[in-house]
Amino acid sequence: MNHIKFVVAGALALLGVLVIGGYFADPAPKATDQESAAVGGTLRIGVDGTEPAYYKVDGVTKGFDYEMALGVAEGMGAKPEFVVMEFGDLFTALEAGEIDMIGAQVTETAERKQDFDFTAPYFVTYLSFLTPEDSTIAKRDDIDGKNIAVVEGTIHERYLDEQYQDVTVVKAKDEDSAVKAIQDGKADAFFYDAPYTAPIIQRSPIPLKEAIVYPADDAPIGFVMQKGDARKDQVDEVLEQMILDGEWLKIKKEYFKEYPLSEVFKDKGA
């Protein structure tokens, strides 16, 4: 939900924080605390420790959201401090002032924007259809008339209903149950966030393939900040510069080379 962690608290999206030791006990930051991050202070970034957003390989931290957050902190002249926690705890921590920013593939939604500020997008949600290896589904039109599994309570169910007119939605309690629906012949495909399908394919009891991947340009992913945080404009400026100077595209190719470039970033000069 967004890991587009796309969860119906809003939808996905989607960047990361890991500090060994967990939460902070500090009260919500005051304006002076917020300003300090822009002049050499610390920027506390909340992440949920999920590949490909934020993870470790042989002790080395990697991840698309991690790299983007590092670039933002550097551009602000701030010291990045990553705090890892469960995705569902990130928003509570942000509200409490325990972190300054969420970087975990969070999809911007109208519901979430009521309570939080989103920065300019640094990614968009990529959606995918997982199918059996011998499936004839190869393009989006092939979904018509098919039974499609989704994890109940996620944005995928709503998106599927809005974007595809002739499908039967098969609700599953989790990812493995959705795969089981395919295995049992109850579903023809599983609709999910593309960045998070690799482990599902790896642990699947049946051979699966990612038959279709496409960007949802109307589902931008941004860093999430407290309402009224004055640093948001500064983050936006850094993100714009990272796109214009090619740094964003370099990071995107490292983690999502096979994904088609979204029109959102073509329009921004990527």
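Residues numbered from 1 in each chain as written. Predicted model: local features only at pLDDT ≥ 70, side-chain atom pairs only at ≥ 80, totals over all residues. Heavy atoms only, no water.

### Observations concerning the packing of helix α2 (residues 64-76) against helix α9 (residues 247-256)
Point 1. Relative to each other, α2 and α9 sit at 165°, their axes nearing to 9 Å. Overall, the two elements α2 and α9 adopt an arrangement that is roughly antiparallel. Note on packing geometry: the crossing formed by α2 with α9 is right-handed. In this structure, α2 uses Phe64, Glu67 and Met68 to contact α9, whose residues at the interface are Trp248, Ile251, Lys252, Glu254, Tyr255 and Phe256.
Point 2. When its residues are assigned to classes, the contact of α2 with α9 shows six nonpolar, no polar and three charged. (Axes fitted to C-alpha atoms, helices over the stretch in contact; angles between N-to-C directions. Helix = DSSP H or I, 4+ residues; strand = E, 2+ residues; numbered from the N terminus. Parallel < 35°, antiparallel > 145°, perpendicular 65-115°, else oblique. Left-handed = near helix turned anticlockwise from the far one by under 90°. Contact = heavy atoms within 4.5 Å. Nonpolar A, V, L, I, M, F, W, Y, C, P; charged D, E, K, R; others polar.)

### Quick notes on the side chain of Thr125
Point 1. With respect to the helices and strands, the residue Thr125 is situated in strand β7 (residues 123-132).
Point 2. Residue classification places Thr125 among the buried positions, given a relative accessible area of 1%.
Point 3. Only 3.0 Å separates the side chain of Thr125 from the side chain of Thr107, close enough to count as a polar contact. (Buried < 20%, exposed > 50% of the residue type's maximum accessible area, 1.4 Å probe, protein only. Polar contact = N/O pair within 3.5 Å; in protein donor to acceptor, adjacent residues only side chain to side chain.)

### Points about unusual backbone geometry
Point 1. That bond from Glu51 to Pro52 is cis: its omega, 10°, falls within 30 degrees of zero.
Point 2. Along the chain, Pro52 falls in the loop between β1 (42-47) and β2 (55-57).
Point 3. In this structure, Asp58 takes a positive phi of about 55° despite not being glycine.
Point 4. Looking at the element boundaries, Asp58 is found in the loop between β2 and β3 (60-62).
Point 5. Judged by relative accessible area, Asp58 falls into the exposed class, the value being 80%.

### Some details on the packing of aromatic side chains
Within a pair of aromatic rings, the relevant descriptors are the distance that separates the centres and the angle that separates the planes.
Point 1. Inspection of the entire model under this criterion finds 18 aromatic pairs.
Point 2. An angle of 55° between the planes, with centres 5.3 Å apart, marks the rings of Phe91 and Phe116 as tilted. Residue Phe91 is found in helix α3 (residues 87-95), and its partner Phe116 is found in strand β6 (residues 116-118); the two are separated by 25 residues along the sequence.
Point 3. Residue Phe91 is classed as buried on the basis of its relative accessible area, which comes to 14%.
Point 4. Residue classification places Phe116 among the buried positions, given a relative accessible area of 7%. (Phe/Tyr/Trp six-rings, centres within 6.5 Å; stacked < 30°, edge-to-face > 60°.)

### Notes on the nonpolar core
Point 1. Phe64, Met68, Val72, Phe123 and Phe223 are the most contacted members of the largest nonpolar core, which totals 35 residues.
Point 2. When residues of this core are traced back to their parent elements, those giving at least two are β1, α2, β7, α8 (232-244), α9 and α10 (263-266).
Point 3. When residues in this core are grouped by element, the largest group, seven residues, is from α2.
Point 4. Of all hydrophobic cores here, the second largest spans 17 residues; its members include Leu130, Val170, Ala187 and Phe190. (Core = buried A, V, L, I, M, F, W, Y, C linked by side-chain atoms within 4.5 Å.)

### Focus: the sheet that holds strand β11 (residues 208-221)
Point 1. Pairing within the open sheet is mixed, and its five strands lie in the order β9-β8-β10-β7-β11. If you trace the sheet from one side to the other, it starts and ends with β9 (168-172) and β11, each paired once. Averaged over neighbouring strand pairs, the angle between their axes works out to 30° when direction is ignored.
Point 2. Pairing of strand β8 (residues 147-151) with strand β10 (residues 189-193), which is carried by two bridges, proceeds in the parallel orientation. (Pairing = 2+ DSSP bridges.)

### Some thoughts on the pairing of β1
Point 1. When you tally the buried positions in β1, you get five out of six residues, the bulk of the element.
Point 2. The pairing of β1 with strand β4 (residues 79-84) spans six bridges and is parallel. The partner of Leu43 across the bridge, within β4, is Pro80.
Point 3. Bridge analysis of β1 against strand β5 (residues 101-102) gives two bridges, and the strand direction is parallel.

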